[in-house]
Amino acid sequence: MMSSHQNPAQGGDVTPPWATSDGTPDTPASVGVHRAEPSKKSPLFKILGAIIAVGAIGTATVGSFASAHQGDSLRTSMTIVAPAGAGGGWDTVAREMQQAQRANGIVNNTQVVNMPGAGGTIALGNLANLEGDPSTLMVGGTGQLAATIQYDTDTTYADITPLAITVEEYNMVVVPADSPYQSLEELMTAWAADPASVPWSGGGSFDRLVATELATAAGVDPKEMVFVSSDGGGEVTAALLNGTVQAAASGFSDSIDQVESGRLRALGLVSKERFEGVDIPTTVEQGYDVTLSNWRLLAAPGGLTAEEEAELTDIVLETVETEEWSTAVGRYNWAERVITGDELDVFLEEEKERISSLYESLGV
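What counts as what
Per chain, residues are indexed from 1 in the order of the written sequence. Confidence filtering applies because this is a predicted model: local features only for residues at pLDDT of at least 70, side-chain atom pairs given and counted only at 80 or more, and all residues used for totals across whole chains, interfaces and linings. Side-chain metrics in this entry use all non-hydrogen atoms of the structure; hydrogen atoms and water are not considered. Each Phe, Tyr or Trp ring, with Trp reduced to its six-membered ring, pairs with another whose centre is within 6.5 Å; inter-plane angles below 30 degrees give stacked pairs, above 60 give edge-to-face pairs, and intermediate values give tilted ones. Labels follow the DSSP assignment, with helices taken as runs of H or I lasting at least four residues and strands as runs of E lasting at least two, numbered in each case from the N terminus. For the exposure calls, accessible area comes from a 1.4 Å probe over protein chains only, and a residue counts as buried if that area is under 20% of its type's maximum, exposed if over 50%, partly exposed in between. Note on terminology: a nonpolar core comprises buried Ala, Val, Leu, Ile, Met, Phe, Trp, Tyr and Cys residues joined through side-chain atoms within 4.5 Å. When checking whether two residues touch, look at their non-hydrogen atoms; a contact exists if any pair is within 4.5 Å. Polar contacts, as counted here, are pairs of nitrogen or oxygen atoms within 3.5 Å of one another; within protein the pair requires one atom able to donate a hydrogen and one able to accept it, and residues that are adjacent in sequence qualify only if both atoms are side-chain atoms.

Chemist: Where do I start with the packing of aromatic side chains in this structure?
Modeler: The description of an aromatic ring pair uses the distance of the two centres, along with the angle that the planes make with each other. The tally for this structure, following the rule as stated, stands at six aromatic pairs. Residues Trp295 and Phe347 carry aromatic rings whose centres are separated by 5.5 Å and whose planes lie at 70 degrees to one another, so their mutual orientation is edge-to-face. You can see Trp295 sitting in strand β10 (residues 294-301) and its partner Phe347 sitting in helix α11 (residues 341-362), a full 52 residues away along the chain. The exposure class of Trp295 is buried, given its relative accessible area of 0%. Note on Phe347: relative accessible area 10%, which makes it buried. Aromatic ring contacts, followed pair by pair, group Tyr170, Phe252 and Phe275 into a single cluster.

Spelled out as C-alpha coordinates, the structure:
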(Lines give C-alpha, C1' and ligand atoms only; values in the text may rest on other atoms or scores of the structure.)
Protein backbone atom coordinates (compact mmCIF):
# COMPACT_ATOMS: atom_id res chain seq x y z
CA MET A 1 0.00 0.00 0.00
CA MET A 2 1.03 3.59 -0.41
CA SER A 3 2.08 5.59 2.62
CA SER A 4 1.88 9.23 3.58
CA HIS A 5 4.98 11.37 3.94
CA GLN A 6 6.06 14.60 5.52
CA ASN A 7 6.20 17.94 3.76
CA PRO A 8 9.30 18.67 1.68
CA ALA A 9 11.73 21.46 2.46
CA GLN A 10 10.13 24.84 2.25
CA GLY A 11 12.42 26.12 -0.47
CA GLY A 12 13.91 28.94 1.58
CA ASP A 13 10.68 30.92 1.89
CA VAL A 14 9.84 32.48 5.22
CA THR A 15 6.32 31.87 6.54
CA PRO A 16 4.85 35.01 8.14
CA PRO A 17 4.68 34.80 11.98
CA TRP A 18 0.89 35.07 11.87
CA ALA A 19 0.49 31.92 9.73
CA THR A 20 -1.34 28.99 11.34
CA SER A 21 -1.63 25.37 10.34
CA ASP A 22 -5.36 25.55 9.70
CA GLY A 23 -7.36 26.03 6.54
CA THR A 24 -10.80 24.60 7.05
CA PRO A 25 -14.11 26.47 6.96
CA ASP A 26 -14.59 25.86 10.68
CA THR A 27 -11.57 28.00 11.60
CA PRO A 28 -11.44 31.81 11.39
CA ALA A 29 -8.35 33.88 10.70
CA SER A 30 -5.71 34.04 13.40
CA VAL A 31 -3.54 37.13 13.38
CA GLY A 32 -1.91 37.47 16.77
CA VAL A 33 -5.10 36.92 18.76
CA HIS A 34 -7.64 34.15 19.25
CA ARG A 35 -11.18 34.77 18.06
CA ALA A 36 -14.38 32.79 18.05
CA GLU A 37 -15.77 31.61 14.71
CA PRO A 38 -17.71 34.36 12.94
CA SER A 39 -21.25 33.76 11.84
CA LYS A 40 -22.52 34.19 8.29
CA LYS A 41 -22.23 37.76 7.07
CA SER A 42 -21.64 38.88 10.67
CA PRO A 43 -20.35 42.45 11.13
CA LEU A 44 -17.38 41.03 13.07
CA PHE A 45 -16.45 38.74 10.19
CA LYS A 46 -16.70 41.57 7.66
CA ILE A 47 -14.74 44.05 9.76
CA LEU A 48 -11.96 41.62 10.64
CA GLY A 49 -11.77 40.45 7.04
CA ALA A 50 -11.47 44.03 5.83
CA ILE A 51 -8.71 44.81 8.34
CA ILE A 52 -6.74 41.71 7.42
CA ALA A 53 -7.26 42.38 3.72
CA VAL A 54 -5.96 45.94 4.00
CA GLY A 55 -2.91 44.78 5.93
CA ALA A 56 -2.18 41.98 3.51
CA ILE A 57 -2.57 44.18 0.47
CA GLY A 58 -0.29 46.74 2.08
CA THR A 59 2.35 44.11 2.67
CA ALA A 60 1.88 42.85 -0.86
CA THR A 61 2.50 46.30 -2.27
CA VAL A 62 6.01 46.45 -0.83
CA GLY A 63 6.91 42.76 -0.81
CA SER A 64 5.81 39.40 -2.09
CA PHE A 65 2.83 40.71 -4.03
CA ALA A 66 4.92 43.15 -6.08
CA SER A 67 3.73 42.93 -9.66
CA ALA A 68 5.79 40.89 -12.08
CA HIS A 69 3.99 42.41 -15.01
CA GLN A 70 6.23 45.45 -15.39
CA GLY A 71 6.63 45.13 -19.12
CA ASP A 72 8.13 41.66 -18.77
CA SER A 73 6.76 38.18 -19.42
CA LEU A 74 4.38 36.56 -16.95
CA ARG A 75 7.12 33.97 -16.52
CA THR A 76 9.52 36.43 -14.91
CA SER A 77 8.09 36.35 -11.40
CA MET A 78 5.03 34.90 -9.71
CA THR A 79 3.50 34.69 -6.24
CA ILE A 80 1.43 31.67 -5.24
CA VAL A 81 -0.84 32.26 -2.26
CA ALA A 82 -1.58 29.33 0.05
CA PRO A 83 -4.80 30.26 1.90
CA ALA A 84 -3.67 28.47 5.07
CA GLY A 85 -0.58 28.11 7.23
CA ALA A 86 2.52 26.12 6.39
CA GLY A 87 2.24 22.35 6.34
CA GLY A 88 -1.37 21.91 5.21
CA GLY A 89 -2.72 20.62 1.92
CA TRP A 90 -3.02 23.99 0.20
CA ASP A 91 0.49 24.97 1.29
CA THR A 92 1.88 21.66 0.05
CA VAL A 93 0.37 22.15 -3.41
CA ALA A 94 1.75 25.69 -3.59
CA ARG A 95 5.27 24.68 -2.59
CA GLU A 96 5.41 21.64 -4.83
CA MET A 97 4.29 23.86 -7.70
CA GLN A 98 6.99 26.35 -6.76
CA GLN A 99 9.67 23.66 -6.76
CA ALA A 100 8.55 22.22 -10.10
CA GLN A 101 8.54 25.67 -11.72
CA ARG A 102 11.98 26.51 -10.38
CA ALA A 103 13.50 23.18 -11.36
CA ASN A 104 12.24 23.43 -14.93
CA GLY A 105 12.56 27.17 -15.52
CA ILE A 106 8.84 27.54 -16.13
CA VAL A 107 8.83 30.72 -14.04
CA ASN A 108 12.10 32.42 -13.17
CA ASN A 109 11.13 33.39 -9.63
CA THR A 110 8.16 31.81 -7.85
CA GLN A 111 7.42 32.78 -4.26
CA VAL A 112 4.88 31.26 -1.85
CA VAL A 113 2.92 33.42 0.61
CA ASN A 114 0.80 31.90 3.40
CA MET A 115 -2.44 33.76 4.12
CA PRO A 116 -4.59 31.71 6.53
CA GLY A 117 -8.03 32.53 7.82
CA ALA A 118 -11.72 31.64 7.67
CA GLY A 119 -11.36 28.54 5.56
CA GLY A 120 -9.39 30.31 2.85
CA THR A 121 -11.84 33.18 2.35
CA ILE A 122 -9.38 35.81 3.63
CA ALA A 123 -6.96 34.88 0.85
CA LEU A 124 -9.84 34.76 -1.62
CA GLY A 125 -10.85 38.31 -0.74
CA ASN A 126 -7.29 39.51 -1.12
CA LEU A 127 -6.94 37.85 -4.51
CA ALA A 128 -10.14 39.51 -5.70
CA ASN A 129 -8.71 42.88 -4.62
CA LEU A 130 -5.77 42.34 -7.00
CA GLU A 131 -8.05 42.56 -10.03
CA GLY A 132 -6.11 42.87 -13.27
CA ASP A 133 -2.80 41.66 -11.77
CA PRO A 134 -1.68 38.45 -13.50
CA SER A 135 1.40 37.94 -11.31
CA THR A 136 -0.43 36.30 -8.39
CA LEU A 137 -2.05 32.87 -8.25
CA MET A 138 -3.87 31.21 -5.37
CA VAL A 139 -4.40 27.58 -4.42
CA GLY A 140 -8.04 26.90 -3.62
CA GLY A 141 -10.23 23.87 -3.33
CA THR A 142 -13.26 22.13 -1.92
CA GLY A 143 -12.82 23.52 1.58
CA GLN A 144 -12.52 27.08 0.34
CA LEU A 145 -15.61 26.79 -1.84
CA ALA A 146 -17.42 25.29 1.14
CA ALA A 147 -16.34 28.23 3.31
CA THR A 148 -17.83 30.75 0.89
CA ILE A 149 -21.11 28.89 1.21
CA GLN A 150 -20.94 28.34 4.97
CA TYR A 151 -20.05 31.97 5.69
CA ASP A 152 -22.14 33.36 2.80
CA THR A 153 -19.18 35.56 1.85
CA ASP A 154 -19.38 38.58 -0.40
CA THR A 155 -16.41 37.33 -2.44
CA THR A 156 -16.83 34.06 -4.33
CA TYR A 157 -15.17 32.22 -7.21
CA ALA A 158 -17.25 34.38 -9.55
CA ASP A 159 -14.99 37.31 -8.58
CA ILE A 160 -11.71 35.66 -9.60
CA THR A 161 -10.36 33.64 -12.54
CA PRO A 162 -10.27 29.87 -11.91
CA LEU A 163 -7.58 28.36 -14.14
CA ALA A 164 -7.36 24.63 -13.45
CA ILE A 165 -8.12 21.80 -11.09
CA THR A 166 -4.83 19.92 -10.67
CA VAL A 167 -5.27 17.04 -8.21
CA GLU A 168 -7.79 15.48 -5.85
CA GLU A 169 -7.47 13.89 -2.43
CA TYR A 170 -9.89 11.27 -1.15
CA ASN A 171 -11.26 10.19 2.19
CA MET A 172 -11.56 6.76 3.71
CA VAL A 173 -14.15 5.40 6.11
CA VAL A 174 -12.16 3.97 9.01
CA VAL A 175 -12.98 2.24 12.27
CA PRO A 176 -10.77 0.84 15.07
CA ALA A 177 -9.17 -2.50 14.27
CA ASP A 178 -11.26 -4.16 17.02
CA SER A 179 -14.51 -2.57 15.82
CA PRO A 180 -17.51 -4.91 15.53
CA TYR A 181 -18.11 -3.48 12.06
CA GLN A 182 -16.35 -5.64 9.50
CA SER A 183 -17.82 -3.97 6.42
CA LEU A 184 -19.22 -0.64 5.31
CA GLU A 185 -22.64 -2.24 5.01
CA GLU A 186 -22.60 -3.34 8.66
CA LEU A 187 -21.54 0.13 9.79
CA MET A 188 -24.16 1.94 7.72
CA THR A 189 -26.94 -0.41 8.82
CA ALA A 190 -26.12 0.13 12.51
CA TRP A 191 -25.88 3.88 11.95
CA ALA A 192 -29.28 4.04 10.27
CA ALA A 193 -30.85 2.01 13.08
CA ASP A 194 -29.55 4.30 15.85
CA PRO A 195 -27.62 7.39 14.66
CA ALA A 196 -26.65 8.52 18.16
CA SER A 197 -24.95 5.20 18.91
CA VAL A 198 -22.48 5.61 16.05
CA PRO A 199 -20.65 8.92 16.55
CA TRP A 200 -18.24 9.98 13.81
CA SER A 201 -15.15 12.12 13.61
CA GLY A 202 -13.05 13.82 10.95
CA GLY A 203 -10.22 16.30 10.65
CA GLY A 204 -12.19 19.32 9.47
CA SER A 205 -15.18 20.66 7.62
CA PHE A 206 -14.45 18.71 4.45
CA ASP A 207 -14.53 15.45 6.42
CA ARG A 208 -17.82 16.55 7.97
CA LEU A 209 -19.27 17.09 4.49
CA VAL A 210 -18.18 13.59 3.47
CA ALA A 211 -19.81 12.18 6.61
CA THR A 212 -22.95 14.15 5.78
CA GLU A 213 -23.08 12.67 2.30
CA LEU A 214 -22.54 9.20 3.79
CA ALA A 215 -25.37 9.80 6.26
CA THR A 216 -27.74 10.70 3.46
CA ALA A 217 -26.72 7.57 1.54
CA ALA A 218 -27.32 5.45 4.65
CA GLY A 219 -30.76 6.94 5.29
CA VAL A 220 -29.62 8.92 8.34
CA ASP A 221 -30.96 12.43 8.85
CA PRO A 222 -27.75 14.53 8.88
CA LYS A 223 -29.22 16.68 11.66
CA GLU A 224 -29.20 13.55 13.86
CA MET A 225 -25.59 12.76 13.01
CA VAL A 226 -23.14 12.97 15.93
CA PHE A 227 -19.92 14.40 14.54
CA VAL A 228 -16.90 15.17 16.74
CA SER A 229 -14.52 17.46 14.89
CA SER A 230 -10.83 16.65 15.35
CA ASP A 231 -7.73 18.65 14.50
CA GLY A 232 -6.08 16.45 11.89
CA GLY A 233 -5.44 12.76 11.42
CA GLY A 234 -3.70 12.24 14.75
CA GLU A 235 -6.70 13.39 16.76
CA VAL A 236 -9.03 11.34 14.56
CA THR A 237 -7.03 8.20 15.34
CA ALA A 238 -6.99 9.02 19.05
CA ALA A 239 -10.77 9.56 19.10
CA LEU A 240 -11.29 6.19 17.42
CA LEU A 241 -8.92 4.29 19.68
CA ASN A 242 -10.16 5.79 22.96
CA GLY A 243 -13.79 5.06 22.09
CA THR A 244 -14.94 8.66 21.72
CA VAL A 245 -16.22 7.84 18.23
CA GLN A 246 -17.05 4.65 16.37
CA ALA A 247 -16.12 5.67 12.83
CA ALA A 248 -14.44 8.45 10.91
CA ALA A 249 -14.23 10.04 7.50
CA SER A 250 -10.53 10.73 7.25
CA GLY A 251 -8.09 11.74 4.54
CA PHE A 252 -6.41 8.81 2.83
CA SER A 253 -2.94 10.21 3.50
CA ASP A 254 -3.86 11.01 7.11
CA SER A 255 -4.92 7.47 7.99
CA ILE A 256 -3.31 5.00 5.60
CA ASP A 257 -0.30 4.48 7.90
CA GLN A 258 -2.62 3.59 10.77
CA VAL A 259 -4.45 1.14 8.53
CA GLU A 260 -1.19 -0.45 7.40
CA SER A 261 0.01 -0.70 11.00
CA GLY A 262 -3.15 -2.57 11.99
CA ARG A 263 -4.50 0.05 14.40
CA LEU A 264 -7.39 1.03 12.13
CA ARG A 265 -9.54 -0.86 9.63
CA ALA A 266 -10.53 0.76 6.34
CA LEU A 267 -14.10 -0.04 5.29
CA GLY A 268 -14.29 2.06 2.15
CA LEU A 269 -12.43 4.48 -0.08
CA VAL A 270 -14.62 7.51 -0.84
CA SER A 271 -13.98 7.43 -4.56
CA LYS A 272 -15.43 6.26 -7.85
CA GLU A 273 -12.48 3.97 -8.52
CA ARG A 274 -9.96 2.04 -6.46
CA PHE A 275 -6.38 3.21 -6.10
CA GLU A 276 -3.83 1.13 -7.93
CA GLY A 277 -2.13 -1.20 -5.48
CA VAL A 278 -4.56 -0.40 -2.65
CA ASP A 279 -6.93 -3.19 -1.63
CA ILE A 280 -9.73 -1.01 -0.24
CA PRO A 281 -13.17 -1.21 -1.90
CA THR A 282 -14.79 2.06 -2.87
CA THR A 283 -18.03 3.41 -1.48
CA VAL A 284 -19.51 3.26 -4.99
CA GLU A 285 -18.81 -0.42 -5.54
CA GLN A 286 -20.41 -1.11 -2.15
CA GLY A 287 -23.62 0.59 -3.19
CA TYR A 288 -23.16 4.07 -1.73
CA ASP A 289 -22.81 6.84 -4.30
CA VAL A 290 -20.56 9.03 -2.16
CA THR A 291 -17.62 10.51 -4.06
CA LEU A 292 -16.96 14.02 -2.69
CA SER A 293 -13.27 14.75 -3.26
CA ASN A 294 -10.90 17.34 -1.85
CA TRP A 295 -9.79 18.91 -5.14
CA ARG A 296 -7.11 21.57 -5.54
CA LEU A 297 -7.67 24.62 -7.72
CA LEU A 298 -5.26 27.20 -9.14
CA ALA A 299 -6.86 30.61 -9.67
CA ALA A 300 -5.85 34.16 -10.60
CA PRO A 301 -7.44 37.55 -9.92
CA GLY A 302 -10.34 38.71 -12.07
CA GLY A 303 -10.10 41.30 -14.80
CA LEU A 304 -7.37 39.59 -16.81
CA THR A 305 -7.10 39.69 -20.57
CA ALA A 306 -7.80 36.53 -22.56
CA GLU A 307 -4.10 36.34 -23.40
CA GLU A 308 -3.06 36.57 -19.75
CA GLU A 309 -5.55 33.92 -18.71
CA ALA A 310 -4.37 31.58 -21.48
CA GLU A 311 -0.70 32.12 -20.57
CA LEU A 312 -1.33 31.47 -16.86
CA THR A 313 -3.28 28.31 -17.70
CA ASP A 314 -0.35 27.15 -19.85
CA ILE A 315 2.03 27.77 -16.94
CA VAL A 316 -0.08 25.62 -14.62
CA LEU A 317 -0.42 22.85 -17.21
CA GLU A 318 3.32 22.85 -17.92
CA THR A 319 3.98 22.61 -14.18
CA VAL A 320 1.77 19.57 -13.65
CA GLU A 321 3.47 17.80 -16.55
CA THR A 322 6.92 17.92 -14.91
CA GLU A 323 8.72 14.99 -13.33
CA GLU A 324 8.93 16.89 -10.05
CA TRP A 325 5.16 17.31 -9.90
CA SER A 326 4.61 13.66 -10.81
CA THR A 327 6.88 12.66 -7.94
CA ALA A 328 4.88 14.87 -5.57
CA VAL A 329 1.63 13.26 -6.73
CA GLY A 330 2.98 9.88 -5.67
CA ARG A 331 4.51 11.19 -2.46
CA TYR A 332 1.25 12.62 -1.17
CA ASN A 333 -1.11 10.01 -2.61
CA TRP A 334 -2.84 12.62 -4.76
CA ALA A 335 -5.01 11.60 -7.69
CA GLU A 336 -4.27 13.57 -10.85
CA ARG A 337 -7.30 15.25 -12.34
CA VAL A 338 -6.77 18.22 -14.63
CA ILE A 339 -9.83 20.30 -15.53
CA THR A 340 -9.72 23.61 -17.41
CA GLY A 341 -11.85 25.90 -19.57
CA ASP A 342 -15.59 25.44 -19.94
CA GLU A 343 -15.43 22.04 -18.25
CA LEU A 344 -13.98 23.73 -15.15
CA ASP A 345 -16.81 26.27 -15.07
CA VAL A 346 -19.39 23.48 -15.16
CA PHE A 347 -17.51 21.47 -12.53
CA LEU A 348 -17.31 24.37 -10.07
CA GLU A 349 -21.00 25.18 -10.48
CA GLU A 350 -21.95 21.55 -9.86
CA GLU A 351 -19.72 21.39 -6.77
CA LYS A 352 -21.26 24.60 -5.46
CA GLU A 353 -24.75 23.15 -5.78
CA ARG A 354 -23.67 19.86 -4.24
CA ILE A 355 -22.00 21.44 -1.20
CA SER A 356 -24.87 23.90 -0.73
CA SER A 357 -27.26 20.96 -0.61
CA LEU A 358 -25.13 19.23 2.05
CA TYR A 359 -25.12 22.32 4.24
CA GLU A 360 -28.86 22.66 3.84
CA SER A 361 -29.30 19.08 5.02
CA LEU A 362 -27.26 19.98 8.11
CA GLY A 363 -29.44 23.00 8.73
CA VAL A 364 -26.48 25.36 8.26
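Chemist: Looking at this model, I keep getting lost on the nonpolar core. Mind explaining?
Modeler: Buried together is how nonpolar side chains tend to be arranged in soluble globular proteins. Core analysis: the largest hydrophobic core is formed by 54 residues, its most contacted members being Leu187, Trp191 and Trp200. The contacts of Leu187, once residues within four sequence positions are left out, are Val173, Val175, Tyr181, Val198, Trp200, Ala247 and Leu267. One finds Val139, Ile315, Val316 and Ala328 within the second-largest nonpolar core, a separate group that totals 29 residues.

Chemist: Please clarify how the environment of Asp159 should be interpreted in this entry.
Modeler: Tracing the backbone through its elements, the reader meets Asp159 in the loop between α4 (142-150) and β4 (160-169). On a C-alpha basis, the gap between Asp159 and Asn129 in space is 9.3 Å, while along the polypeptide they are 30 residues apart. In this structure the side chain of Asp159 is engaged in a polar contact, spanning 2.9 Å, whose partner is the backbone nitrogen of Thr156.

Chemist: How should helix α3 (residues 121-129) be read in this particular structure?
Modeler: Along an α-helix, residues three or four apart share an orientation, since each turn contains 3.6 residues. Of all the nine residues making up α3, eight are buried; the element is thus mostly covered by neighbouring parts of the structure. Taken together, the buried positions of α3 are occupied by Thr121, Ile122, Ala123, Leu124, Gly125, Asn126, Leu127 and Ala128.

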